[in-house]
Amino acid sequence: MPDATIAIQRPQRWDVPFDPDMTDADVDRLLSIEPFASIDPEKFPPSTPLHGILKNDARLVKFNDGDLIVREGDYGSSAFLILSGAVRVTLENLPNKMLGRRERERTGLLGAIAQLWTNPNKPEVRNYKRGGDDDVARRDEKGATRIFLQDVPGVLGKFNTLRIEAGEMFGELAALARTPRSATVFSQGKTELLEIRWQGLRDLHRRADALRAFIDQRYRERGLVVHLRETPLLAHLSEADIDVIADATEFETYGNFDWQTAFKTARGQSAQQRLAVEPIIAEEGHYPNGLILIRSGFARLSRRYGNGHRTISYLGKGQVYGLDAIAHNWRSSEDATMPLRNTLRAIGYVDILRIPAPVVEKYILPSLPDKYMPPLIKPELEAEKPVATTPDRIDTGMIEFLVENRIINGTATMMIDVNRCTRCDDCVRACAAAHDNNPRFTRHGTIYGHHMVANACMHCADPVCMIGCPTGAIHREPTTGDVVINDQTCIGCATCANSCPYSNIRMVEVRDTRGRFILDEATNTPINKATKCDLCVDQLGGPACQRACPHDALKRVDMNDVESLAWWLNR
């Protein structure tokens, strides 16, 4: 008898609500207070009603005195509305120890040498007798682990903070823009907050005019002018001109915030199928209606080639698109306007700013320094220019490989020239020596030509592994931006390992100093911890793997530094 076909319902967005304990009474209470009382429910489609968003994409959370709610530098996927009580926003950087993060302690020269005989024989050994001296503690709160400050009066007396109270919102800019939290926020006394996860916040932002205006205004007040001022093309402008440009600038987002899930499932599709689902930001042949600034994420730049498209470059945070066509049309005496020559697509999730072309022509181009002014476009030469040529000297095949596999996300990608590599494994042994005899990477990975991208943490520009970590154990080093794990606060939930699109985080069973597995006293099963490359943050000279290679075959590459990448690939 043949096996019966199994049929299941297609998974839906709200199959797993943010908090299954949210009730209709909770939602009714929220709908009676601002800003939700002023939102028109009729503006929401039947598939995602306002009531459903609040019930499934939001949750009520209570904090005690000193509880850390968000920490500066963390990547968050939710915003908070204060319902009762008050919180403190730190206006200064708190020490790592106060945030439950690992202090960066470099091993000295003698210590580095001593590692040769002091490292334990067994893998994944932890010295729990040494204890910790963090200024935070942790407690369980309704099944969740929460980190809290142990000396709130001391923090208030030593650091500048701002008190915000009921009715105020925080965290929305980082949640929507996918940028690190800009400040640490902790509870002052008992506080009740409404936490809205990113998906619900996006829908509210899209359909609730008042809320959108509120958030946009906060961004204009807090971040937009700073962002524009830090853009090299605009650095020469006066404050008055920057203010005018800020008022005219439009915010746009493309793609899926949780792109790593779709990325994993799309690996079996053809290049054309993957390209077809990437949202178009600006299309080849269309009128250049604005200067595009990439605010976060990555975008693919492609050009028509035969019946398809060929990727010619990629753009990341801080880069712009559209200036050459706008500048050409502004300076050209011809009646016909020059259209965009390439298509810009969102890879994963992209957040952009668009400055309208008339504003660019009036305020930016007249005083633009010569070094930024692009040359006039000559269509006859454009037609003859081979698509495979890129200004950065990286062949389009490699560009396609880096973009298709999202390698462009890496700021310290481990690349190995397999023609030079002799498989001596000195890199692996050096890594093990620097990490208590536990290598943090695998000398294996995807290959294009004679270059391999090894399975080592790339310390991504968009580290989706950090989203959802319940304790913030995986975080960025504030001084370097490296993504590291605090072993003391890692609870072994594997959220980071499951989220990593590149399978570069492993879960390991840890041992004590005698080599015995450390067991959970409740279940009597081994304790798991997440582990990955930390770029040897505590070692002299940086990554030991790169320093140990006797053949100069291994390099940690920042994909945003295209010039260095091109030089290394073309040695």
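Because the structure is a prediction, the values reported are computed rather than measured.

A. Fine view of the overall build of the chain. Counting its secondary structure elements, the chain contains 18 helices and 22 strands. Pairs at least 24 residues apart make up 77% of the contacts formed inside the chain by residues separated by at least 6 positions. Carbon and sulfur atoms form 50% of the exposed surface of the chain, whose accessible area is close to 27800 Å².

B. Molecular detail of the sheet that holds strand 16 (residues 442–448). Read across the sheet, four strands follow the order 16-17-15-22 without closing on themselves; strand pairing throughout is antiparallel. Both outer strands of the open sheet, strand 16 and strand 22 (554–557), are each paired with one neighbouring strand and no more. Put simply, the sheet's adjacent strands are angled 40° from each other on average, direction ignored. Sheet topology note: the strand 15 (residues 413–417)/strand 22 ladder contains four bridges and is antiparallel. In the sheet register, M415 faces strand 22, and the bridge partner there is K555. Sheet contacts for helix 14 (residues 396–404): strand 16 and strand 17 (451–455); angle to strand 16, the most-contacted strand, approximately 130°.

C. Representation of the pairing of strand 3 (residues 78–90) in the model. Summarising burial for strand 3: eleven of the 13 residues are buried, a large majority. Strand direction decides the pairing type here: strand 3 and strand 8 (residues 185–197), joined by ten bridges, are antiparallel. Note that in strand 8 the partner of A79 across the bridge is I196. Pairing geometry for strand 3 and strand 7 (residues 169–170), over two bridges, is antiparallel. If you follow L81 over to strand 7, its bridge partner there is M169.

D. Representation of the packing of aromatic side chains within the structure. For the coordinates displayed, the defined rule picks out two aromatic pairs. Taking 5.6 Å as the distance between ring centres and 25° as the angle between the ring planes, the aromatic pair formed by F401 and Y448 counts as stacked. Here Y448 lies in strand 16 and F401 lies in helix 14, a separation of 47 residues in the sequence. The exposure class of Y448 is partly exposed, given its relative accessible area of 29%. The aromatic ring of F18 is capped on one face by R59, whose charged end is 4.2 Å from the ring centroid.

E. Fine view of the confidence of the model for the chain. Confidence in the prediction of the chain, expressed as mean pLDDT, is 83, and 87% of residues score 70 or more. Mean pLDDT across the elements of the chain ranges from a minimum in helix 13 (residues 379–384), with 57, to a maximum in strand 15, with 96.

F. Spatial organisation of the packing of helix 8 (residues 239–248) against helix 12 (residues 357–364). At a closest axis distance of 11 Å, the pairing of helix 8 and helix 12 adopts a crossing angle of 180°. Relative to helix 12, helix 8 is oriented roughly antiparallel. Residues D241, V244, I245 and A248 of helix 8 form the contact with helix 12, whose participating residues are V359, Y363 and I364. Residue classes in the contact of helix 8 with helix 12 are distributed as six nonpolar, no polar and one charged.

G. Structural detail: a nonpolar patch on the surface. On the surface, L109, L110, I113, L116, W117 and L540 cluster together into a nonpolar patch covering about 730 Å² of accessible area. Tracing the sequence through the fold places L109 in helix 3 (residues 109–118).

The rules we used
- Residues numbered from 1 in each chain as written.
- Predicted model: local features only at pLDDT ≥ 70, side-chain atom pairs only at ≥ 80, totals over all residues.
- Heavy atoms only, no water.
- Helix = DSSP H or I, 4+ residues; strand = E, 2+ residues; numbered from the N terminus.
- Contact = heavy atoms within 4.5 Å.
- Areas by Shrake-Rupley, 256 points an atom, 1.4 Å probe, with all protein chains shown as cover.
- Pairing = 2+ DSSP bridges.
- Axes fitted to C-alpha atoms, helices over the stretch in contact; angles between N-to-C directions.
- Buried < 20%, exposed > 50% of the residue type's maximum accessible area, 1.4 Å probe, protein only.
- Phe/Tyr/Trp six-rings, centres within 6.5 Å; stacked < 30°, edge-to-face > 60°.
- Lys NZ or Arg CZ within 6 Å of the ring centre and 35° of its normal.
- pLDDT = per-residue confidence, 0-100.
- Parallel < 35°, antiparallel > 145°, perpendicular 65-115°, else oblique.
- Nonpolar A, V, L, I, M, F, W, Y, C, P; charged D, E, K, R; others polar.
- Patch = residues over 30% accessible without salt bridge, like charges linked within 9 Å, V, L, I, M, F, W, Y side chains within 5 Å.
- Salt bridge = Lys/Arg side-chain N within 4 Å of Asp/Glu carboxyl O.

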